[in-house]
Amino acid sequence: MTGIQGARDKRRRGIMLITLAGIIFFMLYVSTRAQSAPRGFVPSGYRTCERDADIECGRISVPRDYFNVSKGRTEIAVARYRTRDEPRHGTLFINAGGPGGSGVNLMFVLGKLLARLFPGYDIVGFDPRGVGLTLPAVACFPTFRDEEVFKHNTVLSQGFNVPPGDPSVPENSAAILSQMRQWLALHKAQSDMCLNATDAEDLPNMSTATVARDVAYMTTVLDGDDSLIHFWGPSYGTIIGSYLVNMFPDRIGRVSLDGVVNPWEWSNVPAHRRLGSMFDNTEEAFDYILDRCGAAGPRRCALARHTGEKGKHIAHRLDSFLDQLYDHPLVYTNSSRRGIITSGMVRALLYFSTNAPMHFATIATAVASAMDGKLSELAALTLKPFRDLATPLPGDTARNIISCLDAPPYDADRPETWPTAEELTINGINRLRTVSPRFGLSVSLFEDDGACQFFAKAAVKLPERFTGPFNQSLRNPILIVSADLDPITPLVNARWVNEQLGQSARLVIQQDTPAHSTFFLGPSLCVAKIYRRFYATGELPEAKETLCSNELKLFSDDESTILKVDEDEDPKFVDLVRELQQVMGHYFPLGLPG
């Protein structure tokens with residue numbers, strides 16, 4: 001009996017040890033699994049985001065060159081918010097525009113709101129090639145401070161000063177030509193730094209065609225083979241979207257474009273020549289804002305002298321002030337960044353307000369105060385302190401690089417065929433005379449297009465350039481959205497893309513919206529409903545074009561108030577739209593670029 005009992009005790013102890021070992025192994029497995037990178041993420045680069053514990057941050061490995069896999073890998077930085085909703089529809093990639101915007105940073109601003117607007121999708125923001133946290137990344141300047149010093153007190157920080165009167169008369173055209181020569185020389189120096197920067201050999205891989213392939217590849221990694229591609233992108237994001245739907249028409253799921261850039265012009269017209277078409281609605285948008293300013297009166301809009309004043313009277317005073325600044329720039333020495341405030345800077349600031357009109361009241365107060373001799377508020381918007389950042393900023397010149405790589409290439413060995421300062425001046429004067437008298441030269445601080453001849457040596461090494469066609473029949477139709485008074489991606493672009501795609505697209509136009517895309521004022525309740533329905537079910541309006549009213553009123557005491565909401569509206573959805581309007585209406589940093 002004693003021997004039998006001892007054997008039983010040994011067996012029990014053995015079973016207990018095996019069981020305990022199994023429990024420990026299972027706990028370690030679960031712990032390791034919880035800490036390891038999710039599917040598709042590079043293990044060494046994965047972590048819970050420090051800025052928001054609900055969002056996963058990491059990198060996804062993709063081929064550096066899709067046509068030559070021996071060239072190694074690129075690690076695309078991503079931030080993902082996982083849906084908690086059922087049914088799950090897949091991964092929805094979002095882009096921050098630019099080009100050069102960080103989709104990772106956009107996630108912290110907009111990711112959770114989009115998850116509520118588009119339930120059932122994992123929302124993923126990504127940093128395109130050469131930008132932000134993606135590796136390798138290209139920083140043209142040694143540090144962020146170096147870039148600011150390089151541009152300080154040049155046309156790259158002050159914008160173009162437009163002489164009073166007819167810009168085509170010899171004296172005025174000579175003044176513009178002098179600035180254009182400086183602009184061209186500065187771009188030559190800037191591009192030289194880019195071409196000689198660390199990881200400059202990766203410049204040819206930053207084109208939009210490659211980024212579109214990245215989105216398709218990452219969709220496969222996260223959602224499986226032949227999974228549908230879902231995408232949302234405003235501004236330059238519409239170029240990625242247009243490339244996606246025409247390069248991968250059989251994989252398109254739910255894709256929307258908001259604030260549309262014409263993809264044919266982007267890829268087939270030299271960058272300096274397509275600027276004219278970008279200003280189709282700019283003056284109309286500015287006039288609309290001034291009319292609303294006058295209607296609101298001086299309590300809400302300081303540039304108005306009385307409630308109900310006509311916008312054209314405000315415009316006349318502004319034009320006189322800009323002419324005065326041309327001859328007599330304002331001097332300001334009461335800040336850490338002392339300097340002058342030029343007419344070009346104030347023009348650029350006013351142009352910026354047409355892109356983000358919720359900032360106009362603040363800009364109006366600053367300009368009105370400057371007209372009265374008080375400069376501190378205007379200086380805060382135009383003479384920002386240098387940022388003491390002693391580290392590189394990856395993607396510091398991405399806007400210029402990517403737009404040039406996507407455009408028709410120049411012959412690096414035939415500089416006599418390159419656009420000259422004289423040609424650029426003629427183009428600029430034509431824009432001032434025929435398209436936008438106030439802002440025809442004011443976009444340069446925000447849309448750094450042109451001087452692409454200096455990237456000719458990189459452009460010829462592109463693994464792929466996509467130039468169309470842009471009229472494919474798609475597996476699923478897409479949603480196109482446009483503000484009727486978009487000042488930089490005008491409605492005509494959205495109509496062109498809608499026409500090209502035929503029954504594969506529907507266009508929704510948000511009315512009374514002088515803003516860059518519907519999102520940078522905030523989508524109206526009507527537009528938001530169409531967005532939600534489309535991403536939930538694929539349902540689109542029957543009509544080829546649909547008009548949506550805009551309940552958001554400029555110069556309201558409560559900027560996020562949606563007016564005239566029907567009683568039967570879902571209050572939670574109304575609150576979501578209000579949040580989107582508040583967040584996106586102030587998404588752009590107020591003032592000129594640092």
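Residues numbered from 1 in each chain as written. Predicted model: local features only at pLDDT ≥ 70, side-chain atom pairs only at ≥ 80, totals over all residues. Heavy atoms only, no water.

Visitor: Tell me about the overall build of the chain, and please be specific about residues and values.
Guide: Along the backbone of the chain there are 20 helices and twelve strands. The C-alpha atoms of the chain give 27 Å as radius of gyration, which agrees with the globular expectation for 594 residues (25 Å, within 12%). Each principal axis of the C-alpha atoms in the chain carries an extent, and together these give about 115 × 65 × 55 Å. The burial tally for the chain puts 57% of its 594 residues in the buried class. Considering only contacts within the chain whose residues lie at least 6 apart along the sequence, 77% involve residues at least 24 apart. Here the chain displays about 24900 Å² of accessible surface, and carbon together with sulfur accounts for 52% of that area. Charged side chains of the chain number 61 positive and 68 negative; the gap between the two group centres comes to 6 Å. (Helix = DSSP H or I, 4+ residues; strand = E, 2+ residues; numbered from the N terminus. Rg over C-alpha atoms; globule rule 2.2 N^0.38 Å. Buried < 20%, exposed > 50% of the residue type's maximum accessible area, 1.4 Å probe, protein only. Contact = heavy atoms within 4.5 Å. Areas by Shrake-Rupley, 256 points an atom, 1.4 Å probe, with all protein chains shown as cover. Lys, Arg positive; Asp, Glu negative; His and termini not counted. Charge placed at Lys NZ, Arg CZ, Asp CG, Glu CD.)

Visitor: Go over the sheet that holds strand E3 (residues 73–81), please, and point to the residues and values.
Guide: With mixed pairing, the ten strands of this open sheet are ordered in space as E1-E2-E3-E5-E4-E6-E7-E10-E11-E12. Among the strands making up the open sheet, the edge pair consists of strand E1 (47–48) and strand E12 (545–548). Where strand E6 (residues 229–234) meets strand E7 (residues 252–258), five bridges bridge the pair, whose relative direction is parallel. Following the sheet pairing, Phe231 is matched in E7 by Val255. Along the sheet, helix H2 (residues 103–117) contacts strand E2 (56–63), E3, strand E4 (90–94), strand E5 (121–126) and E6; its crossing angle with E5, the most-contacted strand, is approximately 160°. Most of the contacts of helix H19 (residues 525–537) go to E7, to which it runs at about 165°, and overall it touches E4, E5, E6, E7, strand E10 (478–483), strand E11 (505–510) and E12. (Pairing = 2+ DSSP bridges. Axes fitted to C-alpha atoms, helices over the stretch in contact; angles between N-to-C directions.)

Visitor: Could you give an account of the nonpolar core, naming the residues involved and the relevant values?
Guide: Judged by nonpolar contacts, the single largest core of 67 residues is most densely connected at Phe126, Tyr243 and Ile478. Here the element with the most residues in this core is helix H6 (residues 208–223); it accounts for seven residues. In contact with Ile478, not counting residues within four places along its chain, are Val245, Ile252, Val255, Leu257, Leu501, Ser504, Ala505, Arg506, Phe534 and Leu540. Leu325, Ala366, Ala368 and Leu445 belong to the second-largest nonpolar core, a separate cluster that totals 54 residues. (Core = buried A, V, L, I, M, F, W, Y, C linked by side-chain atoms within 4.5 Å.)

Visitor: Could you give me a rundown of the side chain of His272, with the residues and numbers involved?
Guide: Structurally, His272 can be placed in the loop between helix H8 (263–268) and helix H9 (275–278). Not counting residues within four places of it along the chain, the set of residues in contact with His272 comprises Tyr410, Pro419, Glu423, Leu424, Asn427, Arg431 and Gly450.

Visitor: I'd like to hear about the packing of helix H10 (residues 282–296) against helix H11 (residues 311–327), residue by residue, with values.
Guide: Any two packed helices are characterised by the angle at which their axes cross and by the distance between the axes. In the contact formed by H10 and H11, the axes pass within 7 Å of each other and the chain directions differ by 110°. What the angle tells us is that H10 and H11 run roughly perpendicular. Residues Phe286, Leu290, Asp291, Cys293 and Gly294 of H10 pack against Gly311, Lys312, Ile314, Ala315 and Leu318 of H11. (Parallel < 35°, antiparallel > 145°, perpendicular 65-115°, else oblique.)

Visitor: Kindly report on the packing of aromatic side chains, identifying the contributing residues and their values.
Guide: Taken as a whole and judged by the stated rule, the model has 26 aromatic pairs. Relative to Tyr351, the ring of Phe279 lies with its centre 6.3 Å away and its plane at 50°, an arrangement referred to as tilted. Of this pair, Phe279 sits in the loop between H9 and H10 while Tyr351 sits in helix H12 (residues 343–355); the two residues are 72 residues apart in sequence, bridging distant segments of the chain. Here a set of aromatic residues connected by ring pairs shows up, and it is made of Phe279, Phe286, Tyr351, Phe352, Phe360, Phe439, Phe446, Phe520, Phe555, Tyr587 and Phe588. When the ring centre of Trp266 is taken as origin, the NZ or CZ atom of Arg274, which lies over that ring, is 4.3 Å away. Positioned over the ring face of Tyr288 is Arg292, at 4.0 Å from the centre of the ring. (Phe/Tyr/Trp six-rings, centres within 6.5 Å; stacked < 30°, edge-to-face > 60°. Lys NZ or Arg CZ within 6 Å of the ring centre and 35° of its normal.)

Visitor: Explain H10 to me, and be specific about the residues and the numbers.
Guide: The periodicity of an α-helix, 3.6 residues per turn, causes residues three or four positions apart to be oriented the same way. Between its terminal C-alpha atoms H10 stretches 21 Å, which fits the 21 Å expected from 15 residues at 1.5 Å a residue. All buried positions along H10 are accounted for by Thr282, Glu283, Ala285, Phe286, Tyr288, Ile289, Leu290, Cys293, Gly294 and Ala296. For H10, the secondary structure elements touched by its buried residues are H9, H11, H12 and helix H13 (360–371). At the C-terminal side of H10, Gly297 shows a positive phi close to 85°. (Expected span 1.5 Å × (residues − 1).)

Visitor: Can you explain the state of the cysteines? Please cite residues and give values.
Guide: By the definition in use, this model includes five disulfides. Residue pairing for Cys140: its cysteine sulfur links by disulfide to Cys194, the two sulfurs lying 2.0 Å apart. Residues Cys140 and Cys194 are joined by a disulfide whose S-S torsion is about 110°; by sign, that bridge is right-handed. Highlighted residues: Cys140 in the loop between E5 and helix H3 (144–151) and Cys194 in helix H5 (residues 170–195), separated in sequence by 54 residues. The class of Cys140 is buried, set by a relative accessible area of 5%. Between the sulfur atoms of Cys293 and its disulfide partner Cys301 the distance amounts to 2.0 Å. (Disulfide = S-S within 2.5 Å.)

Visitor: Can you lay out the confidence of the model for the chain for me, pointing to particular residues and giving the numbers?
Guide: This prediction gives the chain a mean pLDDT of 91; 92% of its residues lie at or above 70. Per-residue pLDDT stays below 50 along residues 559–563; that stretch engages in 17 contacts with residues further than four places along the chain or on separate chains. (pLDDT = per-residue confidence, 0-100.)

Visitor: Outline H12, supporting the account with residue identities and numerical values.
Guide: Under the 1.5 Å per step criterion, the end-to-end length of H12 is 19 Å for 13 residues, consistent within 8% with the ideal 18 Å. Extensive coverage of H12 is indicated by the burial of 13 of its 13 residues.

Visitor: Please provide a residue-by-residue account of the environment of Ile176, values included.
Guide: Relative to the helices and strands, Ile176 is located in helix H5. By relative accessible area, which is 0% here, Ile176 ends up buried. As a C-alpha pair, Ile176 and Phe160 span 16 residues in sequence and 7.6 Å in three-dimensional space. Not counting the four nearest positions on each side in its chain, Ile176 is found in contact with Pro163, Pro167, Thr425, Ile429, Leu432 and Leu441.

Visitor: Go over the pattern of salt bridges, please, and point to the residues and values.
Guide: Using the criterion set out here, one finds 26 salt bridges in the structure. Of the charged contacts in the structure, one is a salt bridge between Asp575 and Arg578, with a shortest N-O distance of 3.5 Å. Here Asp575 and its partner Arg578 are both found in helix H20 (residues 571–585), three residues apart, which amounts to about one turn of the helix. Assessed through its relative accessible area of 29%, Arg578 is described here as partly exposed. Three or more residues joined by partner-sharing salt bridges are found here, namely Glu283, Asp287, Asp319 and Arg438. (Salt bridge = Lys/Arg side-chain N within 4 Å of Asp/Glu carboxyl O.)

Visitor: Report on the side chain of Glu283, specifying residues and quantitative values.
Guide: Structurally, Glu283 can be placed in helix H10. Within the structure, Glu283 has its side chain in polar contact with the side chain of Arg438 (distance 2.7 Å). Ignoring sequence-local partners within four residues, the contact set of Glu283 consists of Val435, Ser436, Pro437, Arg438 and Phe439. (Polar contact = N/O pair within 3.5 Å; in protein donor to acceptor, adjacent residues only side chain to side chain.)

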